Amino acid sequence: MPTLDAPEERLRKFKYRGKDASARRQQRIAVSLELRKAKKDEQALKRRNITDVSLDPSDQQTKGVSLTLQEIISGVNASDPELCFQATQAARKMLSREKNPPLKLIVDAGLIPRLVELLKSSLHPRLQFEAAWALTNIASGASELTRAVVVGGAIQPLVELLSSPHMTVCEQAVWALGNIAGDGPEFRDNVIASDAIPHLLTLVSSSIPVPFLRNIAWTLSNLCRNKNPYPSDHAVKQMLPALFYLLGHPDREVLSDTCWALSYLTDGCDARIGQVVDTGVLPRLVELMSSSELNILTPSLRTVGNIVTGTDHQTQLALDAGILGVLPQLLTHPRPSIQKEAAWALSNVAAGPRQHIQRLIACGALPPLVTVLKNGEFKVQKEAVWTVANFTTGGSVEQLIQLVQAGVLEPLINLLTIPDNKMVIIILDVLFFILQAAEKISQKENMCLLIEGLGGLDRIEALQLHENHQVALTALNIIERHFSEPFSRALQVLCCCCC
């Protein structure tokens, strides 16, 4: 099978040429981070409990109680358990307001050490519940407030409450720890170091109420989140069996948070991707990529996209699991964010060996890819351009001709006018390699005429005067290498025949 070659000068300019698939994928990881750096994660880092749920029906009598801040401070510090309970509950209710809860006010009042102490009141589970709820809501605030909860010594007592015989107390402790872990890698690792994971995993069962299981799945996802540094290998190995189990649960919130957890764990090196892939999750993830629920589709697609940034073997496993039966359909999804993620995943498949590229062709990915190049939002078009760039770099001459036959030239030529110099250079490089492929099978003049007929020659010639030196040089090189005097004579002959 013939391969594409190029002068050494061209190899230096085209960042992927001459590099193996692994290197190309690693560069795509960097690009994907750049594309997403300004985008907020769809999953909530922290959650505040604003539902007025009571541990005991007898608490209804306290609903009308309204205390001032000073009365709350005094009552929380009281030795009388009932007075302390009423004050702690009043503090919790203040912190559970839907709008503008006075989180900082309670912290500044110095109540955190006392609330932490109340977590240890095993003889008074209602008091433990209210204190845990108050701390949950404080930890849902800004990092400085979460830090105050951690510095106040809340983590270890909360971990101990995971073994409470009272389910409501236990669930509130799970929620509080989730908020603390969601603040960042430092507090996440503090929670892990306090042996929270084994206690959390003992709670995962088919008999647990679904709302409780949702909190556990979300807290586990926060324990997987962040990568500077990543959670420890030991912690990941502890959590993966539970995540595999939760991936089979029917509840959409449990599934969503579980998929987000797996997306965090696969957002890294090949070894970390391998840890997840080795659990056997790929078939289920591919199944979830067809979900009509956006909160399931998004993280499952992100996870699979991360997996195909890995080794050729890991990508092969994803292909064998059926991702190419879903990705082309997602290029036509009504949401551009999904189209972009699907195009990004396809670009990493195209970064692999020719057999992967051939499977991409066979699954019918080229027509929808051309469609998004033509009509997609710019962020989707950019990912589609990367897919084509990887395709032309690693594909055979025959595969590149199939790409041309799918209609890729017209949208690529139209994109030469975009104000993104990096993309323009990549498109010019793609055209260069397509022309080389045509030359290999003695079809260069026909390819030149096709490009000229689509307005490509005019645009490439205009780019020779571009203010960006690299754009101008790349355009000049195409003109000199492929649109030289022989092509001009052929064009003149064609024009004369038409006359």
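All values derive from a computational prediction rather than experimental measurement. (Residues numbered from 1 in each chain as written. Predicted model: local features only at pLDDT ≥ 70, side-chain atom pairs only at ≥ 80, totals over all residues. Heavy atoms only, no water.)

(A) View of the overall build of the protein chain. On a plain count of helices and strands, the protein chain comes out with 31 helices and zero strands. Sequence separation of at least 24 residues holds for 75% of the intrachain contacts in the protein chain that already meet a minimum separation of 6. Total accessible area on the protein chain stands at roughly 20700 Å², and carbon and sulfur atoms take up 53% of it. (Helix = DSSP H or I, 4+ residues; strand = E, 2+ residues; numbered from the N terminus. Contact = heavy atoms within 4.5 Å. Areas by Shrake-Rupley, 256 points an atom, 1.4 Å probe, with all protein chains shown as cover.)

(B) Geometry of the environment of Ala148. Along the chain, Ala148 falls in helix H8 (residues 143-151). Sequence-wise, Ala148 and Asp108 are 40 residues apart; in three dimensions their C-alpha atoms are separated by 9.7 Å. Aside from chain neighbours lying at most four places away, what touches Ala148 is Val107 and Ile112.

(C) Representation of the packing of aromatic side chains in the model. Counted according to the given criterion, the structure contains three aromatic pairs. Summarising the aromatic geometry, the rings of Phe129 and Trp133 are spaced 5.4 Å apart at their centres and angled 65° between planes, so their arrangement reads as edge-to-face. Pair noted here: Phe129 and Trp133 are both in helix H7 (residues 125-139), with a separation of four residues, about one helical turn. For the pair shown, Phe129 and Trp133 are each scored as buried. (Phe/Tyr/Trp six-rings, centres within 6.5 Å; stacked < 30°, edge-to-face > 60°. Buried < 20%, exposed > 50% of the residue type's maximum accessible area, 1.4 Å probe, protein only.)

(D) Region of interest: the side chain of Thr387. Tracing the sequence through the fold places Thr387 in helix H24 (residues 378-394). Polar contacts involving the side chain of Thr387 include one to the main-chain amide nitrogen of Ser347, which spans 3.4 Å. In contact with Thr387, not counting residues within four places along its chain, are Ala343, Leu346, Ser347, Ala350 and Leu369. (Polar contact = N/O pair within 3.5 Å; in protein donor to acceptor, adjacent residues only side chain to side chain.)

(E) Representation of the UniProt feature "repeat: ARM" (unreviewed entry) in the protein chain. Annotation from UniProt places "repeat: ARM" (unreviewed entry) at residues 110-153, 153-181 and 280-322. The distance separating the terminal C-alpha atoms of residues 153-181 is 14 Å; by composition the span is 76% helix and 0% strand. (UniProt positions renumbered as here; feature names shortened; annotations may be inferred.)

(F) A look at helix H18 (residues 294-307). Helix length check: H18, at 14 residues, gives a terminal C-alpha distance of 20 Å against a target of 20 Å (1.5 Å per residue), a fit within 8%. Of all 14 residues making up H18, 12 are buried, and the element is well covered by its neighbours. Regarding H18, the residues found buried are Ile296, Leu297, Thr298, Pro299, Ser300, Leu301, Arg302, Thr303, Val304, Gly305, Asn306 and Ile307. (Expected span 1.5 Å × (residues − 1).)

(G) Spatial organisation of the packing of helix H10 (residues 167-181) against helix H13 (residues 210-224). Axis separation between H10 and H13 bottoms out at 8 Å; the angle between their running directions is 25°. The pairing of H10 with H13 is recorded here as roughly parallel in orientation. In this structure, the crossing between H10 and H13 has a hand that is left-handed. Contacts from Met167, Cys170, Glu171, Val174, Trp175, Leu177, Gly178, Asn179 and Ala181 in H10 reach Pro211, Phe212, Asn215, Ile216, Trp218, Thr219, Asn222 and Leu223 in H13. Broken down by class, the residue content of the contact of H10 with H13 amounts to 11 nonpolar, five polar and one charged. (Axes fitted to C-alpha atoms, helices over the stretch in contact; angles between N-to-C directions. Parallel < 35°, antiparallel > 145°, perpendicular 65-115°, else oblique. Left-handed = near helix turned anticlockwise from the far one by under 90°. Nonpolar A, V, L, I, M, F, W, Y, C, P; charged D, E, K, R; others polar.)

(H) Spotlight on the pattern of salt bridges. In the structure shown here, the tally under the stated rule is 19 salt bridges. Arg214 is the salt-bridge partner of Glu253, the closest N and O atoms lying 3.9 Å from each other. With Glu253 in helix H15 (residues 252-265) and Arg214 in helix H13, this pair connects stretches of sequence that are 39 residues apart. Arg214 sits in the partly exposed class, given a relative accessible area of 26%. A salt bridge links Glu439 to Lys444, with the shortest nitrogen-to-oxygen separation between them at 3.9 Å. Among the charged side chains, a salt-bridge network with shared partners connects Arg214, Asp251 and Glu253. (Salt bridge = Lys/Arg side-chain N within 4 Å of Asp/Glu carboxyl O.)

(I) Layout of the packing of helix H3 (residues 69-76) against helix H4 (residues 81-95). In the contact formed by H3 and H4, the axes pass within 7 Å of each other and the chain directions differ by 135°. It follows that H3 is oblique to H4 by the angle criterion. Judged by the twist between their axes, the crossing of H3 over H4 is left-handed. Contacts between H3 and H4 pair Glu71, Ile72, Gly75 and Val76 from the former with Leu83, Cys84, Ala87, Thr88, Ala90, Ala91 and Met94 from the latter. The residue makeup of the contact of H3 with H4, split by class, is eight nonpolar, two polar and one charged.

(J) How the structure looks around H13. Across its 15 residues, H13 extends 21 Å between first and last C-alpha, which sits within 8% of the 21 Å expected from 1.5 Å per residue. Among the 15 residues of H13, 12 are classified as buried, and the element is accordingly described as predominantly covered. Every buried residue of H13 is accounted for by Phe212, Leu213, Asn215, Ile216, Ala217, Trp218, Thr219, Leu220, Ser221, Asn222, Leu223 and Cys224. In this structure, the buried side of H13 is in contact with H10, helix H11 (185-193), helix H12 (196-203), helix H14 (233-246) and H15. In the stretch just after H13, Asn226 is the one whose phi turns positive, near 80°.

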